[in-house]
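Analysis of the macromolecular model
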Amino acid sequence: MTEQRQIRPVSKGAWFRIVFLIFALVNQLLVVYGKSPLPFTEAQLEQIFSLLWTAVAAIIAWWKDNDWTEKARSRVK
């Protein structure tokens, strides 16, 4: 009798890393063929990353600070 092992799902971090790797590879290919690289400056990428980081942190803090689930609302304070 063989035991079936459950396969865990791919993490969100892995998806983000593959997307950024694809952007980097596309950018390199464009440079190699003399085309304009992806239209992002380093400063713009830093601003976008900062905005996303702040938005994610705000949403997590907002979610954790409020009782949204039925289980959480039913707790006795």
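Residues numbered from 1 in each chain as written. Predicted model: local features only at pLDDT ≥ 70, side-chain atom pairs only at ≥ 80, totals over all residues. Heavy atoms only, no water.

1. Remarks on the overall build of the chain
For the record, the criterion: By definition, any uninterrupted DSSP run of H or I lasting at least four residues is a helix, any uninterrupted run of E lasting at least two residues is a strand, and each is numbered from the N terminus. Under the scheme applied here, a residue whose accessible area is under 20% of the maximum for its type counts as buried, over 50% as exposed, and between as partly exposed, the area being computed with a 1.4 Å probe on protein chains only. Working definition of accessibility: Shrake-Rupley area with a 1.4 Å probe, residue cover restricted to the visible protein chains.
The number of helices and strands found in the chain is three helices and zero strands. Moving toward the C terminus, one meets the helices and strands of the chain in the order α-α-α. Expressed as a percentage of the 77 residues in the chain, the buried residues total 1%. Accessible surface, the chain: about 8200 Å² in total, of which carbon and sulfur atoms supply 65%.

2. Concerning helix 1 (residues 12-32)
Selection criterion: In this scheme, a helix's expected span is set at 1.5 Å multiplied by one less than its residue total.
An ideal rise of 1.5 Å per residue puts 30 Å on 21 residues; helix 1 measures up with 30 Å between its terminal C-alpha atoms. Backbone geometry just downstream of helix 1 places Gly-34 in the positive-phi region, at approximately 75°.

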